[in-house]
Structures are given as structure tokens and as C-alpha cells.
Amino acid sequence: MKSPIYVFGHKNPDTDSICSTIAYVQLKRKIGIENVIACRLGKLSRETRFVLEYFGVDEPILIDNMRMKLRDLDLHQPVELGAEAPLKKAWDVLRGKESGSRLLPVLGEQGRLTGLISLADITRIFMEPYDEEMLHKYEVSFENLLKILQGKVVHGNYKYDILCGSVFIGSVVDNDGFVCDKDVLITSKVETARYYANERSIGCVILTNDYYPVELEKAQAAVICVKHSMLKTVSLLNQAISCGSIMNTDRFEMFSTEAEIGDITEIMKTSSHRNFPVVDKTGRLFGIISRRHVLDYDRKKVILVDHNEATQSVDGLEQAQIIEIIDHHRIANIETQKPLYIRAEPVGCTSTIVYSLYKENGIVPEKKYAGLMLSAILSDTLMFRSPTSTPRDRAAAQELAAIAELDIEQYGSEMFLAGTNLADSTPLEILSIDRKQFSVGTYVVYISQVNTLNIETVMEQKEALIDVMEQFVVKTACDLCLLMVTDLFRGGSELLVAGRHKELTINAFNMPMDSDHIYLPDIVSRKGQVIPKLTMASNG
């Protein structure tokens, strides 16, 4: 399955940001690109919510960042071993061409990670000299012993699942030595095997060289015949040790699937390890991450709609791959790792561009998506009153209205009426409805804008609004915070000002020095009228 492509507008999304996103996703799907997902970066405004409910369209999913988490990576999926598996199996896996890692996870119940085995751990065990007390240091199951030695039980049974005694080699065991039913004897001599199997209470006799005398049929012990020589049989014993005996249980580093790449990079750089297990919140193994994964990974793919400035976009955008930008704003401080498709045009609304793309692809939008694009155009151009409105916006709106079977004046009035009732909104809510960050020269400026049919209702909260704006300035350390309260009837805006660089608005709009607000007749566009004047003022 192809990785998803996330499509979204700017933070504190307005109607254009949301509707253009949804309409563009539908266009992509119409032309055969199915793995696109419509997203949003904040709460919907009342106007936007009215529009979506009016046309029966679900709101995009909410996302808060594009930072890569370990669960987003294509991690190495190792062979999974249980604690009871023999070391030989772990050795074969780690030395195999398809291993991809020198680290092997040992899993317990329900796939939970219980420990790790490295190639170095196994090598150390294989290099250890034979010790008759081996079974007291490491766990060896009777089943693993048979598998590794390729042995055949010709008589009797060992009483225990796990070998729990001592291992004796026939040439060094003393006939008068003490043995019990837990012990194991390896011998190539029939006389020794017969003596311990028939007359002593030893637990298991391993007879090498594929020799099986009939005299052992009455033995009390379990009798195993192997084809190997005595030397090879002894050398194979360490390979039968259970993985759980040597796995590291508390001396390794691991990461959560929810960890972000940026948070673990430094840990991986300074660690002596090269591979690290990744587990989910239940402790189940998700995969193995190596240093290669944090240097070369497939970034999340995104399409930016109705914006191109990183400050207005999703957190962690720098970790994503921008593959397209569809916008009608200035091109600002965006940087990309690879070439991309950009469609940026000087029109009043992003949906005007999106509708052009429908027409270029020979696709007529469904009524509800035509209605969404019409709503975006009416909202962004303030029913064509904004100076950013162009003949293309008006022509697109008329065509979309015909498809959606709507009267522009009637529907537009209904939409604005639903979206501009701010009587019960708090100052914080008003400032958060549509707030964008801009770089104006060397200054960081936030500008919020709300449209209303009753500007007096909003201005009754002026002192509270200024107070919240000053708090926002302190919190963000920005240079200037502005609120445009745009009167849709009169076609002008009240501009409220907070911050330590009010001289920008004083110089740009001739605002009195001792004032914190000014009415600007005929000023209704943030990007087309306010930002250019502030930019000129910042340049002296």
C-alpha cells in the first residue's frame, strides 16, 4: 500500500483553507491518486462549520504535527525467537544473509520483548571451554539437546524437561564417583555406557559414534545414540543452550514507537550500540532500528493548500517532504529538500485555482464540492468586496453556483450571517478564529481577522481583547499583535494593536501615538492591504 499524502491548509483554518483542501483531495482521487487524506490544523470557525453542514461534508481529520515517529519508519523486522530456542538457531539467523541486524530479540508471552541476544554474546559462549558444571550456569532443555546432537532416544526417558545436573565425559568420570538421575554422561565406550546405564542411577547416557549395544535395553537411564564422534558431540553442547540463558534483560537500550526521530538521534550517535529494539506501549516488539534508519528514511508526504510559509503550517514540517503547494499568497520562507509542483496565482481565493485544476483535467465537480469551492471564494473575497478579488474569482463563483444550484447573493448572506455572530465568543476565541504569523522585515507579526455584520458588538470587548493580545505578545515574544475586525456592511476594519513595536502601525496607518486602535475605511484584506503597508513601514 502506498504511503499516505497529507493535504492541509494553514493553522487556525478559515473557510478557504478547509474547503480548498477537501475539494483538492477529491480532485486527486478523481484522477486516480487514492492515497490522499484531507487534514486540518485547528478548530473550524462557525462559518466553516456552517458550510460543511450545509453541504453534508465531513470535516477533515485533525493533525497536530508532521514529526516522524518511530512507528512511521520501515524498520527491520527480525526473526523472532522464544527464550527456549537453542543458541544454534540464533547463530544461524544472525549469520544469515537476510539478517540485517546483529541483534536478535527474545520474546515472551504475547510477543513482548524480554531480552536481546547479539552475535558477540553467542560467540562468547561458543568460545568458552567445556565445563562439567555448564548445566548449572546455563539452561539446556532435553528437547534442544536432541535437536542439536541429532540424537535418537533408543531407550528410557530423561525425567526432567530441563537438564539440571552435571555433564560428564566418559574418559574422565570415575567409576566410583557420585552421580544422580539429573546427570548426563557422554561416552564412546560401550563398557562405560553399559555400566552407568544399567548399574548406576544416572539420568542420561549419550553414546557416540552411532554405536548401540543390545545390552543397554534394560538400562534405567535414558539412552541416546548420536552419529557424531566424541569430540564433535562435546563441541556441540554449547549450541543447545537456551537463548533465555544468555539474553540481556537489563543492559540494553530500547525506544518506544511514539518516540520522535529528533529525540533519539543524539542517543544513537553516542551509544556504543548500533541497533536498538522498538516496542509499542504494550511492550510488543515493533522492529529493530539502526543508525541507517535515522539518516535515510521516507519522510511523510504533504501538500500545502492556501499557504506556503512554514510559520503558518504544521509543526514538524521540516521533517516532511512537501510535494505540492496550491496557494494564492506571496511565496515566503519555505524551503524544500526536492523539486515540487507549485501552483501559485494572484487571485482572491485558493479555490479559484483548485476549480481551474478541475477544468484543466476535464472534471466537473460534484454539487457539494462545487458548493464548498463557492463558499471559499465568497468568504475570501468578502462577496467580491475585497481588493484581492479578481474577475477570475467572480467567474469561477458564477460557474460553481450554477453547478451547486445556488443563488450567490442569497447563499452568501446566509453563510456570512452564520459565521459572523460573535456575541457569545470570548476575547481569546475571537483572536484565535483566524490568526496568522508573518515575517515583516525583521519583525514577527501576528494578525487575527474576524468578519462581522455588527462591529459594535465586538468593539464592546475592546479592552478585554487588548489585554488578551498583550498576554499573547508576552507568551510568544512576538513584536506585534494585530486584530482586524472587518465590517462587511461598511467595507472597513477596526485595527486593534498590541506589542512593543506599535510604531509600525503608527507609520503605516497614521495611528495616533497614544492609541491602541484605529478605524481603517476600505481596508478589508490582511494580505493585500495590511501586510504591504507594514512592510513598507518596516523598511523605513
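Our structure's up above, just so we're on the same page.
Below, the structure is looked at part by part. Throughout, residues of each chain are indexed from 1 in the direction in which the sequence is written. Local features are withheld for residues below a pLDDT of 70 in this predicted model, meaning they are given only at 70 or higher, and side-chain atom pairs are given and counted only at 80 or more; totals for whole chains, interfaces and linings count all residues. With hydrogens and water set aside, each side-chain value is computed from the structure's full complement of heavy atoms.

Bringing the packing of aromatic side chains into the picture now. We call Phe, Tyr and Trp rings a pair once their centres come within 6.5 Å, taking the six-membered ring for Trp, and we label the pair stacked below 30 degrees between planes, edge-to-face above 60, and tilted otherwise. In this structure the tally under the stated criterion is 11 aromatic pairs. Ring geometry for Tyr-195 against Tyr-196: centres 5.0 Å apart, planes inclined by 90 degrees, an arrangement best described as edge-to-face. Accessibility here uses a 1.4 Å probe with only protein chains present; expressed as a share of the type maximum, an area under 20% marks a residue as buried, one over 50% as exposed, and anything in between as partly exposed. The exposure class of Tyr-195 is partly exposed, given its relative accessible area of 25%. Centroid distance Phe-255 to Phe-276: 5.3 Å. Interplanar angle 40 degrees. Geometry classified as tilted. Note that Phe-255 is positioned in strand E12 (residues 255-256) and Phe-276 in strand E13 (residues 275-279), a separation of 21 residues in sequence. According to the relative accessible area criterion, Phe-276 is buried, its value standing at 0%. Here the aromatic residues Phe-50, Tyr-54, Phe-55 and Tyr-411 are joined through ring pairs into a cluster of three or more. Geometrically, a lysine NZ or arginine CZ counts as sitting over a ring once it is within 6 Å of the ring centre and also within 35 degrees of the ring normal. The ring of Phe-384 carries Arg-394 above its face, with NZ or CZ at 4.3 Å from the centroid. For helices the rule is a DSSP run of H or I covering at least 4 residues; for strands it is a run of E covering at least 2, with both sets numbered from the N terminus onward.

On to the sheet that holds E12, then. Taken in spatial order, the three strands of this open sheet run E12-E13-E14, and their pairing is mixed. The open sheet has two edge strands, E12 and strand E14 (285-290), and neither has a second partner. Pairing between two strands requires that DSSP report at least two bridges joining them. Strand direction decides the pairing type here: E13 and E14, joined by five bridges, are antiparallel. Counterpart to Asn-275 in the pairing with E14 is Ser-290.

What follows is about the nonpolar core. Among buried residues, the Ala, Val, Leu, Ile, Met, Phe, Trp, Tyr and Cys ones that are joined through side-chain atoms within 4.5 Å form a nonpolar core. Within the largest apolar cluster, 51 residues are counted, with the highest numbers of intra-cluster contacts made by Leu-372, Leu-374 and Tyr-411. If one sorts the elements of this core by residue count, helix H13 (residues 367-380) sits on top with eight residues. Not counting residues within four places of it along the chain, the set of residues in contact with Tyr-411 comprises Phe-50, Val-51, Tyr-54, Phe-55, Leu-374, Ser-375, Leu-378 and Leu-406. Among the nonpolar cores identified, the runner-up in size contains 40 residues, and Val-93, Ile-117, Leu-149 and Val-234 belong to it. Throughout, a residue-residue contact means that at least one pair of heavy atoms, one from each residue, lies within 4.5 Å.

Moving on: the packing of helix H12 (residues 350-360) against helix H14 (residues 391-404). For helices, the fitted line uses only the C-alpha atoms of the stretch in contact; every axis is such a line through C-alpha atoms, and the angle between N-to-C directions lies from 0 to 180 degrees. Interhelical geometry of H12 versus H14 gives an angle of 65 degrees and a closest axis separation of 10 Å. Read as a crossing pair, H12 and H14 show a hand that is left-handed. Contact residues: H12 offers Thr-352, Tyr-355, Ser-356 and Lys-359, while H14 offers Arg-392, Asp-393, Ala-396, Glu-399, Leu-400 and Ile-403. Side-chain classes follow a simple rule in which Ala, Val, Leu, Ile, Met, Phe, Trp, Tyr, Cys and Pro form the nonpolar group, Asp, Glu, Lys and Arg form the charged group, and the remainder, Gly included, forms the polar group. Taken together, the residues of the contact of H12 with H14 sort by class into four nonpolar, two polar and four charged. Should the near helix be turned anticlockwise from the far one by less than a right angle, the crossing is termed left-handed; should it be turned clockwise, right-handed.

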